Amino acid sequence: MPEGDSLHRAARRLRVLVGERLEVEAPHPRGQLTGVAERLDGRRLESVEAVGKNLLLRFEGGLVLRSHLRMKGRWWVRPRGSQQLGRPWLVLRGSEHEAIQVNGPVLELESDVLRRLGPDILASPPEVGAMLENLRAAPQSLPLGEALQRQRLVAGIGNMWMSEALWEARLSPWLRLGDATDEDLSRALEVAHRLMSDSVVGVRGRRRVYRRPGRPCPRCGTPIRSRGQGDANRTAYWCPGCQSPSRGGDGPPAP
């Protein structure tokens, strides 16, 4: 699933259309069923922002298009009139550029999504204090890796950046919130913010644990482990040797 950094990069691309009155169409039947194209056609795009894993496109008249890409959705920006392959869910066409959205499971007009989201991990500066309050208000039996991906607590982090940030912070994804100190949580959040901010501007380092099960940890040599976590069964990757083994680093507790 695209994470917050991917959405921020998409927002940057889409801003080439801000200020223009757009032609909007929905070639794909499922895109047509949303009714979005008819409501937005001919309106001026006022702003584009990424909030967590959501794109919010604000149009004149107070209409806000929310796009959530789930697993396979993508936004592309290209010169107007480029050859169209397939049937996009949505096309936003300006004078010189057009944006197309493909495989878009969530396209809807709404304005209250921010009420359902925690602070954006990519805000500058990040609201670490508010994120800490949310994490402390959550059930303290919740594993840290799962908590960081709950968008109501912290918006924008998925399993890739959760795994990479916790490896760098030397914290286990299985560490329960109640066993983590505020310093632990702040360190994890600050590392996630830094790694993801670097990714937004095109700086992407080598993956340390994500999708590397069985390979040696680059820090201590212990084989990387992986296992599904939480109700959504998102895969966590971690090193049982150097990610706080005394507080859950060896993995989930035995049933």
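The structure this text deals with has already been given above.
This section reports on the structure supplied with the text. (Residues numbered from 1 in each chain as written. Predicted model: local features only at pLDDT ≥ 70, side-chain atom pairs only at ≥ 80, totals over all residues. Heavy atoms only, no water.)

So, the overall build of the protein
We apply this condition: Working definition: helices are DSSP H or I runs of at least four residues, strands are E runs of at least two. Numbering for both runs from the N terminus. Categorising residues by exposure relies on relative accessible area from a 1.4 Å probe, with only protein chains included: less than 20% of the type maximum marks a residue as buried, more than 50% marks it as exposed, and the intermediate range marks it as partly exposed. We call two residues in contact whenever any of their non-hydrogen atoms come within 4.5 Å of each other.
The number of helices and strands found in the protein is seven helices and 10 strands. Across its three principal directions, the C-alpha atoms of the protein cover 60 × 35 × 35 Å. Going through the 255 residues of the protein one by one, you find that 51% of them count as buried. For the protein, the share of sequence-separated contacts (at least 6 apart) that also reach a separation of at least 24 residues comes to 62%.

Some words on helix H7 (residues 182-200)
The condition that has to hold: Expected helix span is given by 1.5 Å per residue-to-residue step, counting one fewer step than there are residues.
With 19 residues, H7 extends 27 Å from end C-alpha to end C-alpha; this agrees with the ideal 27 Å at 1.5 Å per step. Among the residues making up H7, those that are buried are Asp184, Leu185, Ser186, Ala188, Leu189, Val191, Ala192, His193, Leu195, Met196, Ser199 and Val200. Along its buried surface, H7 packs onto helix H1 (4-14), helix H4 (128-137), helix H5 (144-147) and helix H6 (159-169). Of the residues flanking the end of H7, it is glycine 202, one or two places downstream, whose phi is positive at about 95°.

Overview of the packing of aromatic side chains
Counted only if it meets this: Ring pairs are drawn from Phe, Tyr and Trp, using the six-membered ring of Trp, whenever the two centres fall within 6.5 Å, and their geometry is named by plane angle: stacked under 30 degrees, edge-to-face over 60, tilted for the rest. Here, a charge over a ring means that NZ of Lys or CZ of Arg falls within 6 Å of the ring centre while also lying within 35 degrees of the ring normal.
The full count for this structure, using the stated rule, is two aromatic pairs. Between tyrosine 210 and tyrosine 237, the aromatic rings sit 5.3 Å apart at their centres with planes inclined by 75°, giving edge-to-face as the arrangement. Here tyrosine 237 lies in strand E10 (residues 234-238) and tyrosine 210 lies in the loop between H7 and strand E9 (225-229), a separation of 27 residues in the sequence. For the pair tyrosine 210 and tyrosine 237, a shared accessibility class is recorded, and that class is buried. A cation over a ring is seen here: arginine 219 above tryptophan 167, with NZ or CZ 3.9 Å from the ring centre.

A closer look at the sheet that holds strand E7 (residues 97-102)
Two orientations exist for strands paired in a sheet by backbone hydrogen bonds: parallel and antiparallel. Note the threshold: Any two strands with at least two DSSP-identified bridges between them are counted as paired. In this analysis, axes come from line fits to C-alpha atoms, helices being fitted only over the stretch in contact, and the angle between any two N-to-C directions falls in the range 0 to 180 degrees.
Spatially, the four strands line up as an open sheet ordered E1-E6-E7-E5, and their pairing is antiparallel. Because the sheet does not close on itself, it has two edges, and the strands there are strand E1 (23-25) and strand E5 (74-79). Strand-to-strand, the axes of this sheet are offset by a mean angle of 15°, without reference to chain direction.

Focus: the nonpolar core
As a reminder, the rule being used: Definition of nonpolar core: a set of buried residues of the types Ala, Val, Leu, Ile, Met, Phe, Trp, Tyr and Cys, connected through side-chain atoms within 4.5 Å.
Counting 43 residues, the largest nonpolar core has Ile121, Leu135, Leu144, Leu148, Ile157, Leu177 and Leu189 as the members making the most contacts within it. Those elements that provide at least two residues to this core are H4, H5, H6, H7 and E10. Look past the residues within four positions of leucine 144 in its chain and what remains in contact with it is Leu166, Leu171, Ser172, Pro173, Leu175, Leu177 and Leu185. One finds Ala10, Ala50, Leu57 and Leu92 within the second-largest nonpolar core, a separate group that totals 26 residues.

Let's talk about unusual backbone geometry
A cis amide bond, omega 0°, links serine 124 with the succeeding residue proline 125. With respect to the secondary-structure elements, proline 125 resides in the loop between strand E8 (106-109) and H4. Unlike most non-glycine residues, arginine 170 shows phi in positive territory, near 60°.

Observations regarding H4
Stated formally: Note that the arc is defined by the directions from the helix axis to the C-beta atoms.
Among all positions in H4, only Val128, Met131, Leu132 and Leu135 are buried. Along the axis of H4, the buried positions cluster into a sector of 100°, meaning they face one direction only. Opposite the buried face of H4, by more than 90 degrees, sit the exposed residues Glu133 and Ala137. Residues of H4 that are buried make contact with H5 and H7.

A look at the side chain of serine 186
By the secondary structure assignment, serine 186 is in helix H7. Excluding its chain neighbours within four sequence positions, the residues that come into contact with serine 186 are Val128 and Leu132.

Regarding the pairing of strand E6 (residues 90-93)
Here E6 shows a buried face lined by Leu90 and Leu92 and a second buried face lined by Val91 and Arg93. Summarising the sheet, E1 and E6 pair through three bridges and their orientation is antiparallel. Residue pairing across strands places glutamate 25 opposite valine 91, the latter belonging to E6. Here E6 hands over to E7 after three residues, the two strands then running antiparallel side by side.

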